Amino acid sequence: MTESTKIEFRYRRISQIDDITDLVAIFIPGNRNQQHAAARMLIALKNNDDILPSFGFLKGDHGISRRMLERSRAKLARLGLIEHIGWMSSRHGGQAGWKLSSRMSSSLRQLADKIDAWRNDVRPERREKDEQLVELLK
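Residues numbered from 1 in each chain as written. Predicted model: local features only at pLDDT ≥ 70, side-chain atom pairs only at ≥ 80, totals over all residues. Heavy atoms only, no water.

Ranked by internal contacts, the top residues of the largest apolar core, which has 23 residues, are Phe 27, Met 41, Phe 55, Leu 76 and Ile 82. Put simply, the parts of the chain that give this core at least two residues each are α2 (20-27), α3 (32-47) and α5 (66-79). Broken down by element, this core gets its largest block of residues, 7 residues, from α3. Residues in contact with Ile 82, not counting those within four places in the same chain, are Leu 42, Leu 45, Phe 55, Arg 73, Leu 76, Ala 77, Trp 98, Lys 99, Leu 100 and Ser 101. (Core = buried A, V, L, I, M, F, W, Y, C linked by side-chain atoms within 4.5 Å. Buried < 20%, exposed > 50% of the residue type's maximum accessible area, 1.4 Å probe, protein only. Helix = DSSP H or I, 4+ residues; strand = E, 2+ residues; numbered from the N terminus. Contact = heavy atoms within 4.5 Å.)

In structure tokens:
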């Protein structure tokens, strides 16, 4: 069963993000254990200049269960915050492991651009198309 990738995105809260705990609270709302595991993974990747082969060391060092580690890792990967690098990747010289990804930040920038473009498009044919598409949602 795939776990939900629900995030807690409130526009007023985004400007109040100060640290890693605020960030993971948005991405993993309501589950403190997963927030702790996600924060540990993100910090480990941020502090590592290269690809991190696994997160196994977090289990012993910080008391995170294997299940919590796997669930948090899966959610971070689905959101596009981290990505798995396979050993066959020619860009990384045969290394395998995990690294921070720019997929989510790139996607959020694209979403913001699309919202701005839609809001600023005042052509009459666009309005008609929007009305027709909304009617299809009925």
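There is more to say after this.
Moving on to a nonpolar patch on the surface. Together, Leu 108, Leu 111 and Ile 115 make up an exposed nonpolar region whose accessible area comes to about 260 Å². By secondary structure assignment, the location of Leu 108 is in helix α6 (residues 103-120). According to the relative accessible area criterion, Leu 108 is partly exposed, its value standing at 41%. (Patch = residues over 30% accessible without salt bridge, like charges linked within 9 Å, V, L, I, M, F, W, Y side chains within 5 Å. Areas by Shrake-Rupley, 256 points an atom, 1.4 Å probe, with all protein chains shown as cover. Salt bridge = Lys/Arg side-chain N within 4 Å of Asp/Glu carboxyl O.)

Take the packing of aromatic side chains next. A full pass over the atoms with the stated rule returns 1 aromatic pair. Where Phe 55 meets Trp 98, the ring centres are 6.1 Å apart and the plane angle is 35°; that geometry is what we call tilted. A residue pair is termed long-range when its members are at least 10 positions apart, and Phe 55 in the loop between α3 and α4 (57-62) and Trp 98 in strand β2 (residues 97-100) qualify at 43 residues. What makes Phe 55 buried here is its relative accessible area of 3%. (Phe/Tyr/Trp six-rings, centres within 6.5 Å; stacked < 30°, edge-to-face > 60°.)

Tracing the backbone through its elements, the reader meets Asn 47 in helix α3. Considered as a pair, Asn 47 and Glu 8 are 39 residues apart in the sequence and their alpha carbons are 26 Å apart.

In this section: the packing of α2 against α3. Helix-helix packing is characterised by the crossing angle of the two axes and by the distance between the axes. For the pair α2 and α3, interaxial distance at closest approach is 9 Å and the crossing angle is 125°. The pairing of α2 with α3 is recorded here as oblique in orientation. The handedness of the crossing between α2 and α3 is right-handed. Contacts from Ile 20, Val 24 and Ala 25 of α2 reach α3 at Gln 35, Ala 38, Ala 39, Leu 42 and Ile 43. (Axes fitted to C-alpha atoms, helices over the stretch in contact; angles between N-to-C directions. Parallel < 35°, antiparallel > 145°, perpendicular 65-115°, else oblique. Left-handed = near helix turned anticlockwise from the far one by under 90°.)

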